[in-house]
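Spelled out from the first residue to the last, the chains are:
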Amino acid sequence: MSEWQQSWTDAAGIRSVRGLFRDAFGAEPHGVWASPGRVNLIGEHTDYNGGLCLPVALPHRTYVAMARRTDRRARLTTGLEDGRTWSGDLKEIAPGSVDDWVAYCGGPAWALRQAGVDVPGFDVAISSCVPLGAGLSSSAAVECAVGLALTHLAGCRRDRDDTGRAWLADVCVRAENEVAGAPTGGMDQAASLRAQAGHALLLDCLDGSVEQIPFGLEAAGLELLVIDTQASHSLADGQYGARRASCDAAARELSVATLREVTDVDAALARLDDEVVRRRVRHVVTEIARVTEFVAAAGIGDWTRAGQLMNASHRSLRDDYEVSCVELDVAVGAALDAGALGARMTGGGFGGSAIALVRSSSADAVARGVRQAAAARGLAAPVVHRATPSAAGECLIEP
Ligand code: ADP
Ligand code: MG
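Calculation criteria
Residues numbered from 1 in each chain as written. Chains lettered and ligands numbered in written order. Predicted model: local features only at pLDDT ≥ 70, side-chain atom pairs only at ≥ 80, totals over all residues. Heavy atoms only, no water. Helix = DSSP H or I, 4+ residues; strand = E, 2+ residues; numbered from the N terminus. Rg over C-alpha atoms; globule rule 2.2 N^0.38 Å. Contact = heavy atoms within 4.5 Å. Areas by Shrake-Rupley, 256 points an atom, 1.4 Å probe, with all protein chains shown as cover. Lys, Arg positive; Asp, Glu negative; His and termini not counted. Charge placed at Lys NZ, Arg CZ, Asp CG, Glu CD. Near = heavy atom within 4 Å. Polar contact = N/O pair within 3.5 Å; in protein donor to acceptor, adjacent residues only side chain to side chain. Nonpolar A, V, L, I, M, F, W, Y, C, P; charged D, E, K, R; others polar. Buried < 20%, exposed > 50% of the residue type's maximum accessible area, 1.4 Å probe, protein only. Pairing = 2+ DSSP bridges. Axes fitted to C-alpha atoms, helices over the stretch in contact; angles between N-to-C directions. Salt bridge = Lys/Arg side-chain N within 4 Å of Asp/Glu carboxyl O. Phe/Tyr/Trp six-rings, centres within 6.5 Å; stacked < 30°, edge-to-face > 60°. Lys NZ or Arg CZ within 6 Å of the ring centre and 35° of its normal. Parallel < 35°, antiparallel > 145°, perpendicular 65-115°, else oblique. Left-handed = near helix turned anticlockwise from the far one by under 90°.

Student: I tried to follow the overall build of the protein chain on my own but got confused; where do I start?
Tutor: Check the secondary structure of the protein chain and you find eleven helices and 14 strands. Rg of the C-alpha trace for the protein chain: 21 Å, near the compact-globule value of 21 Å for 399 residues, within the 12% margin. In terms of its C-alpha atoms, the protein chain occupies a principal-axis envelope of roughly 60 × 55 × 40 Å. Counting only contacts in the protein chain whose residues sit at least 6 apart along the sequence, the fraction spanning at least 24 positions is 72%. Here the protein chain has roughly 15400 Å² of accessible surface; of this, 47% comes from carbon and sulfur atoms. When the 38 positive and 50 negative side-chain charges of the protein chain are each reduced to one mean point, those points stand 3 Å apart.

This is the structure in C-alpha cells:
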C-alpha cells in the first residue's frame, strides 16, 4: 500500500460536486467554488490570544456547487459518509436552530445576513477531500467555500481583494462560533481565504493583518508532510474551551487585554499563583516568539533552526499546554527518528495531525517510520499527505 494520500485535482473535485448536485436536485448548479483546508506550521493556540500563527493552505479543498433559488428556501446536501440532505427556510439557519454538519455548511448564510448581505435562497452540494476532524480545518474549508459561493450569488464580490477576503473570513468565523458553537479563533478561515500558493501566511491575530512569507520548500529540497494520526479530536471540544478560559483568566490577572501583550515571560509567571495557569501562559508567550523566529529562520533558509523551533513547539504543547496525546507524540518521535528536521503536533490537539519538515530524499523513510511506529504501539495507521503550500479559496466555474 502506498504511504501517500493524494488530494483531488480541481477537475476531480468539480466532477464530484456537480454529480452530487445533479443527483440531489436534478438540475445543473449555477457555479462551483472551492476553498482549502490548512495546516499550521507554528504558532498553536495563539490565535485567540492575539498572537501570531503561520498556516499554509493545503492542496486539499472543499468543493461547493450552488444554484440560486427564486424563493427563500435552502437545500443542502453533502457527500459526507452516505450523503445527507437538509432543507428548510433560510430563516431556520440560525444559532440554536441547526446543528452538526448543517450548522457548518449553512452557518455562513446566517452570518452573511447578519453582516447585511441579502442572501438569496439556494441549493448547495458539498464534496470534499479535506480529511474531517483531522486538525486540517475541514470546518473552515466548508464555511469559506459556502461563503464565497453565497456572496457571489448575492452579487457581492468581496473576494477580489484581501480586504474583502478578510471581511469574509470574519463572517465565517462568526458562523463557526455562533451557529456551529465552536469557540475557535480566526486562523483557519484566514488561511482558507487569504493564503497564497508557495507562501505561508503570517497572521497577526491582534489586528487580523497578514504577511505573505515565501515558503519555497521545493527549491530547498524539502517537503512538508502532514501525518493524520486518525485519532479523533472531536471529543476535545470542552478542553479547547477550557484552555481559552485559562488564557482569558490569566490575561485578566495580569491586567492585559490579551497574552500578546506579555513581553517579559518570567515577570508575568512570577505574578501568577496557579502552577497550571503559569504553564499555559508560558506556552502561549514562548510560542508567539517561536513564530517570529521561525519566519526569520525560513527567510535565510536556516531549516535546521526552523526544525528545532518546531520541536520546541511540540514539547511546549505537550508539557505546558497539555494538548498532545499518545498518537501525536508517537508520530512526532518516529518522524524525528527517521530523519525529519523538525516535527510537531498541529491544530488544536488531542488527536488530529502532526507535521514534519523533511528533506525530500527522506520523505518516504519518514512516512514509513511513522506508520511502523504506530503499528508497533497498536495505534491506527496514520495517513500521510504531502502539504504543498497552496492557494486560497476561489470561484472555479463562474455563475
Ligand atoms: P476539522 O475542522 O479539524 O476538520 P472540526 O470538528 O472543526 O474538525 O469540523 C468538522 C466538522 O465540520 C464535521 O463534523 C462536519 O460537521 C463539518 N464538515 C466538514 N466538512 C464537511 C463536509 N464536506 N460536509 C459536511 N460537513 C462538513
Ligand atoms: Mg475545524
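Student: What am I meant to see in the site of ligand 1 here?
Tutor: The immediate surroundings of ligand 1 are formed by 18 residues, with Thr78, Gly133, Ser137, Ser138 and Ser139 found nearest. One of the backbone nitrogen or oxygen atoms of Gly135 is found 3.2 Å away from an oxygen atom of ligand 1. When ligand 1 is considered free in solution it has 570 Å² of accessible area, and contact with the protein chains removes 86% of it. If you list the elements that add at least two residues to the shell around ligand 1, you get helix 2 (100-114), strand 7 (122-128) and helix 3 (138-153). Among the residues forming the shell around ligand 1, the class breakdown is nine nonpolar, eight polar and one charged.

Student: Please explain the pairing of strand 4 (residues 55-68) as it appears in this structure.
Tutor: Regular strands show a simple pattern: their side chains alternate between the two faces of the sheet. Most of strand 4 is tucked away: 13 of the 14 residues are buried. Where strand 2 (residues 31-40) and strand 4 come together, nine bridges link them in antiparallel fashion. Residue pairing for strand 4: Trp33 is matched across the bridge by Val64. One ladder, built from seven bridges, connects strand 4 with strand 7; its direction is antiparallel. Within the sheet, the bridge partner assigned to Thr62 lies in strand 7 and is Ser128.

Student: Explanation requested: the sheet that holds strand 12 (residues 353-359) in the structure shown.
Tutor: Strand pairing in a sheet takes place through backbone hydrogen bonds and is either antiparallel or parallel in direction. The mixed open sheet is built from five strands, whose spatial order is 1-13-10-12-11. The open sheet has two free edges, formed respectively by strand 1 (4-5) and strand 11 (342-346), since each of these has just one partner strand. With seven bridges connecting them, strand 10 (residues 222-228) and strand 12 associate as antiparallel partners. Bridge assignment links Ile227 to a residue of strand 12, and that residue is Ala354. Most of the contacts of helix 9 (residues 303-320) go to strand 11, to which it runs at about 40°, and overall it touches strand 10, strand 11 and strand 12.

Student: Which parts of the structure should I look at to understand the pattern of salt bridges?
Tutor: When charged atoms on two side chains of opposite charge get close, those side chains can pair. Evaluation of the coordinates by the stated rule reveals 26 salt bridges. With its nearest N and O atoms 2.9 Å apart, the salt bridge here joins Glu287 to Arg290. In this pair, Glu287 and Arg290 both sit in helix 8 (residues 275-299), three residues apart, roughly one turn of the helix. Glu287 gets classed as buried once you look at its relative accessible area, which sits at 0%. For Glu293, the salt bridge is made with Arg305, and the minimal N-O distance between the two is 2.8 Å. In this pair, Glu293 sits in helix 8 while Arg305 sits in helix 9, placing the two residues twelve residues apart along the sequence. Three or more residues joined by partner-sharing salt bridges are found here, namely Glu275, Arg278, Arg279, Arg280 and Glu322.

Student: Please explain the sheet that holds strand 9 (residues 209-214) as it appears in this structure.
Tutor: Pairing is antiparallel in the open sheet, where three strands are placed in the order 3-8-9. Only two strands of the sheet have a single neighbouring strand rather than two, namely strand 3 (52-53) and strand 9.

Student: Just to check I follow, could you spell out the packing of aromatic side chains for this structure?
Tutor: The description of two aromatic rings rests on the distance between their centres and on the angle between their planes. Considering all chains together, one arrives at five aromatic pairs under this definition. Between Trp8 and Tyr63, the aromatic rings sit 6.1 Å apart at their centres with planes inclined by 25°, giving stacked as the arrangement. With Trp8 in the loop between strand 1 and helix 1 (10-25) and Tyr63 in strand 4, this pair connects stretches of sequence that are 55 residues apart. You can call Tyr63 buried: its relative accessible area is 0%. Here the aromatic cluster, defined as three or more aromatic residues joined through ring pairs, consists of Phe215, Phe294 and Trp303. If you follow Arg158 out to its NZ or CZ, it ends over the ring of Trp167, 4.4 Å from the centre.

Student: I tried to follow the pairing of strand 2 on my own but got confused; where do I start?
Tutor: Extensive coverage of strand 2 is indicated by the burial of ten of its ten residues. In terms of strand pairing, strand 2 meets strand 14 (residues 394-397) through three bridges, oriented antiparallel. Each bridged residue has a counterpart across the sheet, and for Val32 the counterpart in strand 14 is Ile397.

Student: Sorry, what's going on with the packing of helix 2 against helix 3 here?
Tutor: Working note: a packed helix pair is described by the angle between its axes plus the distance between those axes. Orientation of helix 2 relative to helix 3, taken along the N-to-C sense of each, is 45°, at an axis distance of 8 Å. The angle between helix 2 and helix 3 places the two elements in the oblique class. Of the two possible hands of crossing, helix 2 and helix 3 adopt the one that is right-handed. Of helix 3, the residues touching helix 2 (which contributes Tyr104, Cys105, Pro108, Ala109 and Leu112) are Ser139, Val142, Glu143, Val146, Gly147, Leu150 and Thr151. Of the residues that constitute the contact of helix 2 with helix 3, the class distribution is eight nonpolar, three polar and one charged.

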